[in-house]
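Secondary and tertiary structure notes
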Protein chains: 2
Amino acid sequence: MSDDAHGSPAALREAGTPRSRRPLHAEAAGWLRDMIIEGELLPGERIPEQALCDRLGISRTPLREALKMLAAEGLVLLQPNRGATVANPSAEEVDQTFHVIGAMEALAGELACHRVSASDVAEIRVLHYQMVLHRTRQELPEYFKLNQQIHERIVEASGNTVLVETYRRLVGRIRRHRYIANLTTQRWDQAIREHEEMLEALEARDGARLAATLRRHLDNKRTAARAATTAD
Amino acid sequence: MSDDAHGSPAALREAGTPRSRRPLHAEAAGWLRDMIIEGELLPGERIPEQALCDRLGISRTPLREALKMLAAEGLVLLQPNRGATVANPSAEEVDQTFHVIGAMEALAGELACHRVSASDVAEIRVLHYQMVLHRTRQELPEYFKLNQQIHERIVEASGNTVLVETYRRLVGRIRRHRYIANLTTQRWDQAIREHEEMLEALEARDGARLAATLRRHLDNKRTAARAATTAD
DNA sequence: AGATCTATTTTTGTTAACCATATTAGTTAG
DNA sequence: CTAACTAATATGGTTAACAAAAATAGATCT
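Report follows, based on the coordinates. (Residues numbered from 1 in each chain as written. Chains lettered and ligands numbered in written order. Predicted model: local features only at pLDDT ≥ 70, side-chain atom pairs only at ≥ 80, totals over all residues.)

Scanning chain A from N- to C-terminus turns up ten helices and three strands. Secondary structure of chain A in N-to-C order comes out as α-β-α-α-β-β-α-α-α-α-α-α-α. Its C-alpha atoms give chain A a radius of gyration of 19 Å, near enough to 17 Å, the size a compact globule of 232 residues would have. Principal-axis analysis of the C-alpha atoms gives chain A an extent of 55 × 40 × 35 Å. Looking at chain A as a whole, 38% of its 232 residues qualify as buried. Taking the intrachain contacts of chain A between residues at least 6 apart in sequence as the baseline, contacts between residues at least 24 apart amount to 70%. (Helix = DSSP H or I, 4+ residues; strand = E, 2+ residues; numbered from the N terminus. Rg over C-alpha atoms; globule rule 2.2 N^0.38 Å. Buried ≥ 20, exposed ≤ 12 C-beta atoms within 10 Å, placed from the backbone. Contact = placed C-beta atoms within 7 Å.)

Here we come to the protein's contact with DNA strand C. Within the structure, DNA strand C sits among 15 residues, and Glu49 and Gly83 of chain A together with Leu24, Ser59 and Thr61 of chain B are positioned closest to it. If you list the elements that add at least two residues to the surface near DNA strand C, you get helix H2 (49-56) of chain A together with helix H1 (24-37) and helix H3 (60-73) of chain B. For the surface near DNA strand C, the class distribution of residues is six nonpolar, seven polar and two charged. (Near = placed C-beta within 6 Å. Nonpolar A, V, L, I, M, F, W, Y, C, P; charged D, E, K, R; others polar.)

Here we come to the environment of Trp188 of chain B. Residue and element names in this part refer to chain B. Relative to the assigned elements, Trp188 resides in helix H9 (residues 185-203). When the 16 C-beta atoms within 10 Å are taken as the criterion, Trp188 is described as partly exposed. The sequence separation of Trp188 and Ala84 amounts to 104 residues, and the corresponding C-alpha distance is 36 Å. Discounting residues that sit within four places of it in the chain, Trp188 has contacts with Arg135 and Asn182.

A separate point is unusual backbone geometry. Residues and elements named next belong to chain A. Although it is not a glycine, Gln138 sits at a positive phi angle of roughly 60 degrees. Relative to the helices and strands, Gln138 resides in the loop between helix H5 (118-136) and helix H6 (140-157). Its identity as a non-glycine residue notwithstanding, Arg205 has a phi of 55 degrees, on the positive side. Relative to the elements of secondary structure, Arg205 occurs in the loop between helix H9 (185-203) and helix H10 (207-231). The partly exposed category is assigned to Arg205, around which 14 C-beta atoms lie within 10 Å.

Here we take up the protein's contact with DNA strand D. The immediate surroundings of DNA strand D are formed by 16 residues, with Pro23, Leu24 and Thr61 of chain A together with Glu49 and Gly83 of chain B found nearest. For the surface near DNA strand D, the secondary-structure elements that each account for two or more residues are helix H1 (24-37) and helix H3 (60-73) of chain A together with helix H2 (49-56) of chain B. Sort the elements by how many residues they give to the surface near DNA strand D and H3 of chain A lands first, with three residues. A per-class count over the surface near DNA strand D returns six nonpolar, seven polar and three charged.

The next point concerns the interface of chain A and chain B. Across the boundary between the two partners, chain A contributes 25 residues, which contact 25 residues of chain B. The greatest single-element share of the side of chain A that touches chain B, amounting to eight residues, is contributed by helix H4 (residues 91-115) of chain A. When its residues are assigned to classes, the side of chain A that touches chain B shows ten nonpolar, eight polar and seven charged.

The operation relating chain A to chain B is a screw motion whose rotation component is 180 degrees, with 0.0 Å of axial translation and a residual RMSD of 0.1 Å. Between the two chains, the operation in question is that of a two-fold axis. (Least-squares fit on C-alpha atoms with pLDDT ≥ 70 in both.)

To continue, consider the pairing of strand S2 (residues 76-79) of chain B. All names here are of chain B. Burial of S2 is one-sided: the residues Val76 and Leu78 facing one way are buried, the residues Leu77 and Gln79 facing the other way are not. When S2 meets strand S3 (residues 83-86), the two strands line up antiparallel, connected through four bridges. Along S3, the bridge assignment pairs Gln79 with Gly83. (Pairing = 2+ DSSP bridges.)

Glancing now at the sheet that holds strand S1 (residues 46-47) of chain B. Residues and elements named next belong to chain B. As summarised here, the arrangement of the three strands in space is S1-S3-S2, forming an open sheet in which the pairing is antiparallel. Single-partner strands in this sheet number two, and they are S1 and S2. The sheet contact formed by S1 and S3 spans two bridges and is antiparallel. Of the residues in S3, the one forming a bridge with Ile47 is Ala84.

Let us look at H1 of chain B. In this model H1 of chain B runs 20 Å from its N-terminal to its C-terminal C-alpha over 14 residues, within 8% of the 20 Å that 1.5 Å per residue would give. Looking at the buried side of H1 of chain B, the elements it contacts are H3 of chain A together with H2, H3 and S3 of chain B. Taken from the residues just after H1 of chain B, Gly39 of chain B is the one with a positive phi, measuring 90 degrees. (Expected span 1.5 Å × (residues − 1).)

The following block contains the structure:
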């Protein structure tokens, strides 16, 4: 997710393009992932094969392979003889996902404290300051992006690739819900405070404290997300 | 994994079979999963498409779709233009997987203590006694199966389906390594003691203790697995 | 009108044939 | 023996076709 060499964004594909060395199904999976995350395909929406094939300029085979991959990732729901729909997790499922993510970030925090370099910490600190700046300017999208990056950096700092992979998979499923979790001002400020505590713990290499803080942070985020969604 | 309506086991597929209502690619994925777990396909081994198609009696399309799913699950490695191979995780990766599984079982333990019923606990206790029996009889395969079931039951008792799903995915990747983790007598006895402590904590509904015990248990299993594999 | 049954159309699941390209094996030349 | 070249093979991808299931529209009945 860090290197966004996403290739041609669907519509821009031309005939003469020297088909990239990456297989089409992988590329298609990437396009679909983006379309789902960007909200171009909404949760619960049906994904008609032929229409998507025309749109992406590919045939059914690689598209169906891509759908199978996304289904295994949990981003797409595949029902026999009824095609694919964008996954639409219930409030309960979102809640459960937050719990698991919390446990994974906690583990990541502990591991990170053992092996994170000073420069890594410094970089995360910079991201934090940028994030705070966007908060004072009330720039939610930019804030959200940096928020996400900070969490991802910490998980990456764990040095556990399996953890990183599993984390990304789950985060991708509830991106939308994480976004709307910080909509109220109180929650927003609280999130900032929690992030500051996370940074402190990381700089002190206090694994236990960082893990506890992350867990609490995620728990609050979960509650906020639940409140925001059930309120609608 | 609990309901094993696996259908026809590969070789037994006949022409006149009234094709099951489940799509072929799902079925094929199940067959391949079994073949990998049972050791019929060994780690690192290549998976030639055509040969497998003949063997399973299906065409390339559904098989390739199945391979994409297994790749997304991490059981199969897909290299562009070089086909599929059974995933062959490095010692490092196995280690990392154990860590993540440990964190997930710990979370499961905490959640389970809040909501597990007396009858669930009783059932797990029964499994435990059966397992001990197999240990005294030195029946490793049966012991292993029950061991696994106990862990899975605890995770299921968490009531968190996302956790269960993620757990199963990861466990599937290192089944083999978990098996060889209890090969020495000392480790075997230690594992039994740890299981007894787990049961005690669960019966007392002591979430923190159960989580800690599970984490320690998994950590020991990880170390044992590492020792067993590097010794070869 | 509203509900039910039926026929038509659409979509999905699957097979088969085909081609381009990348990989692997085999062979020959140096 | 190694290196370069060639042949055989396997993969990635497209298209056509078809059965079966589902969605839709249409007709019928109450």
